[in-house]
Amino acid sequence: MNFLEERIQKDGIVKPGNVLKVDSFLNHQMDIALIDRIGEEFYERFKDKKVTKVLTIEASGIAMAYAVARCFGVPMVFAKKSQSVNIDGDVYVAEVESFTHKNKNRVIVSKRFLSEGDHVLIIDDFLANGCALQGLISITESAGAVVEGLGIVIEKGFQFGGRAIRNLGYHLESLAIVESMDAESGTVVFAEQAR
């Protein structure tokens with residue numbers, strides 16, 4: 001069991017509807033030492049790739065993507081869920097459905113921050129149905145940039161998102177893959193990973 005799986009076992013809460021709450025250490029209150037370790041782990045897994053930008057989606061992915069970008073020494077860009085007066089000019093747009101929030105968002109990235117010649121590592125906190133990743137892949141490829149890989153902190157392996165992304169041929173690394181969860185007993189079972 002790796003460091004993240006141990007933390008999920010200790011502090012994660014399983015709720016009905018296949019919801020895994022990790023808000024005490026990952027996506028509401030954040031354990032900064034854990035976030036730094038996540039960044040270092042993704043760096044180890046992708047250090048042989050040419051990475052010029054790290055891309056994520058607001059809000060929960062930002063801390064993890066920051067930690068990864070810091071390790072690579074490159075800028076981090078996050079897709080915004082709404083256009084504001086601060087974003088001027090042309091933008092890349094993708095529609096993304098959220099498993100957690102049960103809604104659709106149009107996410108945008110300014111064309112000033114992602115362009116042809118960039119080599120992008122996409123980072124996010126959760127992978128369930130893969131819509132967020134597919135939106136970020138679409139934005140990256142619309143820019144003429146290369147998707148070097150995708151890093152997910154927690155993948156729900158019992159849902160189709162991970163398989164769909166891997167079947168498209170992308171290099172996807174997940175730090176913890178949840179094989180099953182039981183809200184009644186509060187148990188989480190992780191998939192075995194070669195590492």
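Coordinates for the structure precede this section.
Keep in mind that what you see is a predicted model, and the values were worked out from it rather than measured.

Focus: the sheet that holds strand β8 (residues 146-156)
Strands sit in the order β4-β3-β7-β8-β9-β10 across an open sheet of six strands; the sheet is mixed. Every interior strand has two partners, whereas the edge strands, β4 (76-79) and β10 (187-190), have only one. Mean inter-strand twist for the sheet, computed between neighbouring axes without regard to direction, equals 25 degrees. As judged from the three bridges shared by strand β3 (residues 53-57) and strand β7 (residues 119-127), these two strands associate in the parallel manner. Bridging across to β7, Val54 finds its partner in Leu121.

Here's the deal with the nonpolar core
Within the largest apolar cluster, 34 residues are counted, with the highest numbers of intra-cluster contacts made by Leu4, Ile8, Leu20, Leu26, Ile38 and Ile154. Counting residues per element, the ones that place at least two in this core are α1 (3-11), α2 (32-46), α3 (61-72), β7, β8, β9 (172-182) and β10. A total of seven residues in this core trace back to one element, the largest contributor, which is α3. For Leu4, the residues in contact, after removing those within four places along its chain, are Leu34, Val153, Ile154, Leu175 and Ala176. Judged by nonpolar contacts, the second largest core, of 26 residues, contains Ala79, Val107, Ala145 and Ile152.

What about α3?
Over its 12 residues, α3 extends 17 Å from the first C-alpha to the last, a length consistent with the 16 Å expected when each residue adds 1.5 Å. For α3, the set of buried residues is Gly61, Ala63, Met64, Ala65, Ala67, Val68, Ala69 and Phe72. For α3, the elements touching its buried residues are α2, β3, β4, β7 and β8. Phi for Gly73, located one or two positions after α3, is positive at around 70 degrees.

As for unusual backbone geometry
The amide bond that connects Glu58 to the next residue, Ala59, takes the cis arrangement and shows omega of 5 degrees. Tracing the sequence through the fold places Ala59 in the loop between β3 and α3. Positive phi values are uncommon outside glycine, yet Asn18 reaches one of about 60 degrees. Tracing the chain through its elements places Asn18 in the loop between β1 (13-15) and β2 (19-21).

Considerations on the side chain of His119
Tracing the backbone through its elements, the reader meets His119 in strand β7. Not counting the four nearest positions on each side in its chain, His119 is found in contact with Lys50, Val51, Thr52, Lys53, Val146 and Glu148.

Some details on the pattern of salt bridges
Where charged atoms from two side chains of opposite charge approach closely, those side chains can pair. Summed over all chains, the structure comprises 11 salt bridges. Between Asp31 and Arg7 there is a salt bridge, with the nearest N and O atoms lying 2.6 Å from each other. Taken together, the residues Asp31 in the loop between β2 and α2 and Arg7 in helix α1 connect sequence positions 24 residues apart. Judged by its relative accessible area of 22%, Asp31 is partly exposed. A salt bridge links Lys10 to Asp11; the shortest N-O distance between them is 3.4 Å. Relative accessible area serves as the criterion here: at 63%, Lys10 is assigned to the exposed category. Taken together, the shared-partner salt bridges connect Arg7, Lys10, Asp11 and Asp31 into one network.

Conventions we followed
Residues numbered from 1 in each chain as written. Predicted model: local features only at pLDDT ≥ 70, side-chain atom pairs only at ≥ 80, totals over all residues. Heavy atoms only, no water. Pairing = 2+ DSSP bridges. Helix = DSSP H or I, 4+ residues; strand = E, 2+ residues; numbered from the N terminus. Axes fitted to C-alpha atoms, helices over the stretch in contact; angles between N-to-C directions. Core = buried A, V, L, I, M, F, W, Y, C linked by side-chain atoms within 4.5 Å. Buried < 20%, exposed > 50% of the residue type's maximum accessible area, 1.4 Å probe, protein only. Contact = heavy atoms within 4.5 Å. Expected span 1.5 Å × (residues − 1). Salt bridge = Lys/Arg side-chain N within 4 Å of Asp/Glu carboxyl O.

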